[in-house]
Amino acid sequence: MRKGVDTNIRHVTVAEANIFAELGFEVSEAKQLQKDAEKEVEQLLTIKRQLMQEISTWIADNKLRQADAAAMLNVSRPRVSDVVNLKTSKFTIDTLIMMLGKLGKPVSVTIG
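Quick caveat, the model's predicted, so the values are computed rather than measured.

What counts, and at which threshold
Residues numbered from 1 in each chain as written. Predicted model: local features only at pLDDT ≥ 70, side-chain atom pairs only at ≥ 80, totals over all residues. Heavy atoms only, no water. Core = buried A, V, L, I, M, F, W, Y, C linked by side-chain atoms within 4.5 Å. Buried < 20%, exposed > 50% of the residue type's maximum accessible area, 1.4 Å probe, protein only. Helix = DSSP H or I, 4+ residues; strand = E, 2+ residues; numbered from the N terminus. Contact = heavy atoms within 4.5 Å. Axes fitted to C-alpha atoms, helices over the stretch in contact; angles between N-to-C directions. Parallel < 35°, antiparallel > 145°, perpendicular 65-115°, else oblique. Nonpolar A, V, L, I, M, F, W, Y, C, P; charged D, E, K, R; others polar. pLDDT = per-residue confidence, 0-100. 1 Å grid on protein atoms, 1.4 Å probe; cavity = no way out; pocket = protein on both sides within 12 Å on 5 of 7 lines; lining within 4 Å. Points joined across faces, edges and corners; volume = space filled by probe spheres on them. Patch = residues over 30% accessible without salt bridge, like charges linked within 9 Å, V, L, I, M, F, W, Y side chains within 5 Å. Areas by Shrake-Rupley, 256 points an atom, 1.4 Å probe, with all protein chains shown as cover. Salt bridge = Lys/Arg side-chain N within 4 Å of Asp/Glu carboxyl O.

Chemist: Sorry if this is basic, but what is going on with the nonpolar core here?
Modeler: Within soluble globular proteins, side chains that are nonpolar generally end up buried alongside one another. The biggest cluster of nonpolar side chains holds 15 residues, and the ones touching the most others in it are Ile55, Ile59, Val80, Val83, Phe91, Leu96 and Met99. If you list the elements that add at least two residues to this core, you get α2 (27–61), α3 (66–73), α4 (77–84) and α5 (93–102). At 5 residues, the largest contribution of residues to this core is made by α2. When near neighbours in sequence (up to four residues on either side) are disregarded, Ile55 contacts Val83, Leu96, Met99, Leu100 and Leu103.

Chemist: Would you mind going over the packing of α3 against α4 with me for this structure?
Modeler: Two numbers describe how α3 lies on α4: the axes approach to 8 Å, and their chain directions differ by 105 degrees. If you check the angle between α3 and α4, you find them roughly perpendicular. Residues Gln66, Ala67, Ala69, Ala70 and Leu73 of α3 touch α4, and the partners they reach there are Arg77, Val80, Ser81 and Val84. Its residues placed into classes, the contact of α3 with α4 shows 6 nonpolar, 2 polar and 1 charged.

Chemist: Any chance you could explain the confidence of the model for the protein here in plain terms?
Modeler: Note: predicted coordinates in regions of low pLDDT should not be interpreted at a detailed level. Across the protein, the average pLDDT comes to 93, with 98% of residues at or above 70. Helix α1 (residues 19–22) is the least confidently modelled element of the protein, averaging 92 in pLDDT, while α4 averages 97, the highest of any element.

Chemist: Please clarify how the layout of surface pockets should be interpreted in this entry.
Modeler: Unoccupied space between atoms shows up once a probe the size of one water molecule is rolled over them. Reported here for the largest pocket is a volume of approximately 170 Å³. Lining the largest pocket are Ile47, Gln50, Leu51, Glu54, Ile97, Leu100, Lys105, Pro106 and Val107. Looking at the lining of the largest pocket, the elements with two or more residues in it are α2 and α5. Ranked by the residues each element gives to the lining of the largest pocket, the list is headed by α2, at 4 residues.

Chemist: Would you mind going over a nonpolar patch on the surface with me for this structure?
Modeler: Residues Ile19, Leu23 and Phe25 make up a contiguous nonpolar surface patch of about 290 Å² in total accessible area. In this fold, Leu23 is placed in the loop between α1 and α2.

Below is the structure:
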């Protein structure tokens, strides 16, 4: 340990807490910020699940083993398993879009 570096933990926010309230926002604003954040997270998760489902469907439609799909995507077989099992926390949206591109399924975005 380096001298002079303070490593003491002074506060831990419990998982159920509203982080915005913990940061000092007024109660009503903290609730709204929390609600907005949860909505954004759910939207991102929905997009990730949809992209992952497209990859999984493509693998199934082409009757590929995960190892074969992994070779086509230039990733490990466990990485393909994570896609098939919808482990959204392990992927960014851009990674999933690139994977679909490698499968010949370009992604387009519709707004509105």
